[in-house]
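Structural overview for review
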Amino acid sequence: MAGDDRHPAQQTHELVVCVTCRPRGSEERPGKALLAELTAQMAADAAWRVGGIECMAACGRPCAIALQSQDKTTWLFGDMELADAEDIARFARQYEELPDGWCKASERPGKLARTALARIPASGRVLPPDADACT
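A few points on the structure. Keep in mind the model is a prediction, meaning the values are calculated, not measured.

Each value, and the rule that gives it
Every chain begins its residue count from 1, and numbering advances along the sequence as written. Owing to the predicted nature of the model, reporting of local features is limited to residues with pLDDT of at least 70; listing and counting of side-chain atom pairs is limited to 80 or more, with chain, interface and lining totals taken over all residues. For the side-chain quantities, the full set of heavy atoms in the structure was used; hydrogens and water were omitted. Two strands pair if DSSP finds at least two bridges between them. A helix here means a DSSP run of H or I that spans at least four residues, while a strand means a run of E at least two residues long, and both kinds are numbered starting from the N terminus. In this analysis, axes come from line fits to C-alpha atoms, helices being fitted only over the stretch in contact, and the angle between any two N-to-C directions falls in the range 0 to 180 degrees. For this analysis, residues touch if any pair of their heavy atoms sits within 4.5 Å. Roughly parallel covers angles under 35 degrees, roughly antiparallel covers those over 145, roughly perpendicular covers 65 to 115, and oblique covers all other angles. Helix crossings are classified by the rotation of the near helix relative to the far one: an anticlockwise turn of less than a right angle makes the crossing left-handed, while a clockwise turn makes it right-handed. All residues other than Ala, Val, Leu, Ile, Met, Phe, Trp, Tyr, Cys, Pro, Asp, Glu, Lys and Arg, Gly among them, are scored as polar; the first ten of these are nonpolar and the last four charged.

Now for the sheet that holds strand 5 (residues 116-120). Spatially, the five strands line up as an open sheet ordered 2-1-3-4-5, and their pairing is mixed. Two strands bound the open sheet, and with one partner strand each, they are strand 2 (48-53) and strand 5. With strand direction ignored, the average angle separating the axes of adjacent strands in the sheet is 15°. As paired strands, strand 3 (residues 65-69) and strand 4 (residues 74-77) are joined by three bridges and run antiparallel to one another. Following the sheet pairing, L67 is matched in strand 4 by W75. Contacting strand 1 (13-18), strand 2, strand 3 and strand 4, helix 2 (residues 85-97) runs over the sheet at an angle of about 15° to strand 3.

Structure (structure tokens):
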């Protein structure tokens, strides 16, 4: 991502903010301000790359963010606002410590406990059709 001078080998996690999201009937794109704030809050964390992307197909729930890392669950959240930046940064640090990125809603801070749009399992974590998913 532009302006990121950390060594790529240290960046094992990504926090992505949709910069085209906008509330219905508005021209405001709050993702740009949220991206700037999260970039500042995560600047000291060498394991994180923070950046923006155009559209994550969550237009009905702006502003969308995603957290991802290889071999971990990918998270997509909607309805994020600038006021949620501290909770997003807190969850990012929590996610970094989770071995597989998986956690319950009750373990996520603030609105992230109720605004998940998708929890995508890491590759290789999907169970075969005959496995008991509840064990």
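What follows covers the packing of helix 1 (residues 31-42) against helix 2. Between helix 1 and helix 2, whose axes approach to 10 Å, the crossing angle comes to 45°. Taken together, the axes of helix 1 and helix 2 lie oblique to each other. The chirality of how helix 1 crosses helix 2 is right-handed. For the pair helix 1 and helix 2, the contacting residues are L34, E37, L38, Q41 and M42 in the first and A85, E86, I88, A89, A92 and R93 in the second. Considered class by class, the residues forming the contact of helix 1 with helix 2 number seven nonpolar, one polar and three charged.

Take it as geometry only, folks, not as evidence of what the structure does.
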